[in-house]
Amino acid sequence: MRDDQSAAPSRGRKSDQFVVPLMPPKEPLLPAVTRRAEERDWRGDILRELARLRAQNRLVLPPNLARVNKAARRNKRTRFTALLHHVNVESLGRAFRRMKRSASAGVDGETVETYKQNLEGNLKDLCARIHQGRYRPLPVRRAYIPKSDGGQRPLGIPALEDKIAQRAVAEVLEAIYEEDFANFSYGFRPGRNPRMALTSLREALMRGKINWVLDADIQKFFDSVDHEEMMRMLAERIADNRVLRLIRRWLKAGVLEHGEWRETDEGTPQGSCISPLLANLFLHHALDLWAQHWRSTQTRGQVIIVRYADDFVMGFQYEDDGRRFLEELKARLAKFSLKLHEDKTRLIEFGRFAESSRRKKGLGRPETFAFLGFTHYCAKTRDGWITVKTKTEGKRLVRKLKALRLEAQQRRHDPLAQQRDWLASVLRGHYAYYGLPGNIRALNGFYFMAVRLWLQSLRRRSQRHHMTWSRLSKMLHVFPLPRPCITLTRKDLAA
């Protein structure tokens with residue numbers, strides 16, 4: 001470990017006071033005085049609350065990685081020259097235990113069940129090959145999953161040993177880069193999830209002076225990452241050539257599709273264990289640091305940003321700031337061979353004051369935008385105050401119901417108890433993600449459609465279908481399904 005500058009300043013931390021909050025504060029923390037005092041003091045209270053919550057949510061690191069994390073926190077320009085020794089049999093074992101037991105097999109056909117039959121011997125052999133330089137990653141098996149716009153998203157499925165090695169290396173790198181990443185980045189990071197990003201976005205829109213929203217999406221980001229640029233970014237912190245060589249081999253492993261191997265000159269395959277970390281690192285240098293500097297030097301009003309992987313939303317107080325940022329953002333991303341998705345990127349008038357402003361201009365209601373599966377829109381409370389609400393995105397809901405219909409058809413001849421257990425798990429998972437305050441109507445709609453699909457499936461068990469709504473209602477008393485509920489509230493977040 002070498003310090004290039006012993007007293008280097010904390011890069012990008014000057015503007016952290018304007019970063020959107022991770023969690024809403026407890027009500028007693030907000031001063032019940034004038035609006036001016038509230039706007040001045042609420043950020044500090046939230047950041048103090050954020051520090052407490054972050055300490056609770058931070059994953060417990062092993063002692064060796066805790067020392068790495070401490071060194072990374074002490075100096076933002078420290079370069080680590082010896083890291084591979086942290087990838088040992090113990091760390092590989094932790095990586096294996098975190099593997100999903102139902103994970104798809106790679107090109108070698110190895111599964112979790114077959115690998116654990118001789119787990120200790122396999123892990124020792126893998127560790128020895130990694131440290132002796134004999135480890136060679138296998139090509140990634142290509143698969144495709146449907147997208148909301150009707151297209152297909154390429155998904156990479158690495159071999160099992162490659163997943164284990166990548167997860168172990170990613171654990172080491174996370175101990176370093178978690179101290180560097182910006183507070184407004186929530187995608188694929190330990191202790192963070194989409195619900196936190198959504199909560200932070202709503203708090204920023206409700207408490208800040210935001211009148212314009214930039215909903216941005218980077219086109220084919222995971223397929224457009226430049227490998228040489230990625231290695232240059234890694235070298236700013238990582239000086240262990242053995243670790244860099246491992247990452248380069250994973251990037252260059254290639255793709256096996258329909259029995260034909262294809263070289264990969266760019267991109268990180270979605271589905272690999274280290275791909276989310278590399279994607280966050282790339283966007284940290286290409287977008288986050290630049291946006292922080294631009295926000296603190298080029299604007300005349302308030303600017304907020306929330307990013308989850310390659311999807312990010314920015315809020316601006318003034319329209320000219322938003323349009324200027326959008327033009328400069330295109331030029332900035334072009335330097336890294338990236339570009340914005342034209343159909344999914346737009347600047348709209350949105351916020352607490354958007355409705356009154358558009359009414360004066362003779363325009364209709366403020367437009368809506370989608371982020372992380374939710375449609376955000378301006379509404380009024382029962383008291384007549386303007387607020388920002390969220391509901392389940394229509395495209396996501398339709399796609400989920402289509403998949404549910406196909407699954408119900410395949411399970412129609414299973415015992416009723418098994419069908420009920422499966423449908424109950426689907427509903428609980430849906431409520432756990434989409435159960436935000438204000439979304440109960442969409443949850444009720446999903447529940448009704450799920451029960452209706454179950455009814456249609458039961459009617460097709462035979463040509464003489466005697467299943468009616470009345471009989472189904474009686475059956476639900478014997479095999480009850482979880483009712484729609486809000487799974488997260490402000491009180492839960494602040495507790």
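Calculation notes
- Residues numbered from 1 in each chain as written.
- Predicted model: local features only at pLDDT ≥ 70, side-chain atom pairs only at ≥ 80, totals over all residues.
- Heavy atoms only, no water.
- Helix = DSSP H or I, 4+ residues; strand = E, 2+ residues; numbered from the N terminus.
- Buried < 20%, exposed > 50% of the residue type's maximum accessible area, 1.4 Å probe, protein only.
- Contact = heavy atoms within 4.5 Å.
- Areas by Shrake-Rupley, 256 points an atom, 1.4 Å probe, with all protein chains shown as cover.
- Pairing = 2+ DSSP bridges.
- Axes fitted to C-alpha atoms, helices over the stretch in contact; angles between N-to-C directions.
- Core = buried A, V, L, I, M, F, W, Y, C linked by side-chain atoms within 4.5 Å.
- pLDDT = per-residue confidence, 0-100.
- Salt bridge = Lys/Arg side-chain N within 4 Å of Asp/Glu carboxyl O.
- Expected span 1.5 Å × (residues − 1).
- Polar contact = N/O pair within 3.5 Å; in protein donor to acceptor, adjacent residues only side chain to side chain.

## Quick look at the overall build of the protein
Looking only at helices and strands, the protein has 18 helices and 13 strands in total. Sorting the 495 residues of the protein into buried and exposed places 50% on the buried side. In the protein, 72% of the contacts between residues at least 6 apart in sequence involve partners at least 24 apart. For the protein, the accessible surface area stands at approximately 24800 Å², while carbon and sulfur atoms represent 50% of it.

## Things to note about the sheet that holds strand S13 (residues 386-392)
Here 3 strands make up an open sheet; going across it, the order is S11-S12-S13 and the pairing antiparallel. Single-partner strands in this sheet number two, and they are strand S11 (369-371) and S13. For this sheet, the mean angle separating the axes of adjacent strands, direction not counted, is 40 degrees. Across 3 bridges, the pairing between S11 and strand S12 (residues 374-380) is antiparallel. Bridge pairing in S12 links Phe369 to His376.

## Remarks on the sheet that holds strand S5 (residues 212-217)
Strands sit in the order S8-S9-S5-S10 across an open sheet of 4 strands; the sheet is antiparallel. In this open sheet, the two strands that pair with only one neighbour each are strand S8 (303-308) and strand S10 (346-349). Each adjacent strand pair in this sheet contributes to an overall mean axis angle of 15 degrees, direction not counted. As paired elements, S5 and S10 share 4 bridges and run antiparallel to each other. Looking at the pairing, Asp215 lines up with Arg346 of S10. Along the sheet, helix H7 (residues 194-207) contacts S5, S8 and strand S9 (311-316); its crossing angle with S8, the most-contacted strand, is approximately 165 degrees. Lying over the sheet, helix H11 (residues 275-297) contacts S8 and S9, oriented at roughly 175 degrees with respect to S8.

## Considerations on the nonpolar core
Judged by nonpolar contacts, the single largest core of 76 residues is most densely connected at Ile164, Phe221, Leu234, Ile247, Phe282, Phe316 and Phe325. In this structure, Ala197, Leu198, Leu404 and Leu423 belong to the second largest nonpolar core, which totals 47 residues.

## Comments concerning the confidence of the model for the protein
Scored by pLDDT, the protein has a mean of 83; 84% of the residues are at 70 or more. Scored below 50 in pLDDT, residues 2-58 shows 96 contacts in the model against residues more than four places distant or in partner chains.

## Digging into the pattern of salt bridges
Taken as a whole and judged by the stated rule, the model has 25 salt bridges. Close ionic contact of Arg237 with Asp180 constitutes a salt bridge, the shortest N to O distance being 2.9 Å. Placement of Arg237 in the loop between helix H9 (227-235) and helix H10 (241-251) and of Asp180 in the loop between helix H6 (160-177) and H7 is noted, with a sequence separation of 57 residues between them. You can call Asp180 buried: its relative accessible area is 10%. Note that Asp321 is salt-bridged to Arg324, the shortest N-O span being 2.7 Å. Residue Asp321 and its partner Arg324 are located together in helix H12 (residues 319-334), separated by 3 residues, close to a single helical turn.

## Quick notes on H7
Across its 14 residues, H7 extends 20 Å between first and last C-alpha, which sits within 8% of the 20 Å expected from 1.5 Å per residue. Counting buried positions along H7 gives 12 out of 14 residues, so the element sits mostly inside the fold. Every buried residue of H7 is listed here: Pro194, Arg195, Met196, Ala197, Leu198, Thr199, Ser200, Leu201, Glu203, Ala204, Leu205 and Arg207. For H7, the side-chain oxygen to backbone nitrogen distance between the N-cap and Arg195 is 3.1 Å, and the N-cap itself is Asn193.

## A closer look at the pairing of S8
Counting buried residues along S8, 6 of its 6 residues qualify, which places the element largely inside the surrounding structure. Both faces of S8 are covered, namely the face carrying Val303, Ile305 and Arg307 and the face carrying Ile304, Val306 and Tyr308. In this structure, the hairpin formed by S8 and S9 is closed by a connection of 2 residues, where Ala309 is found at a positive phi of approximately 60 degrees.

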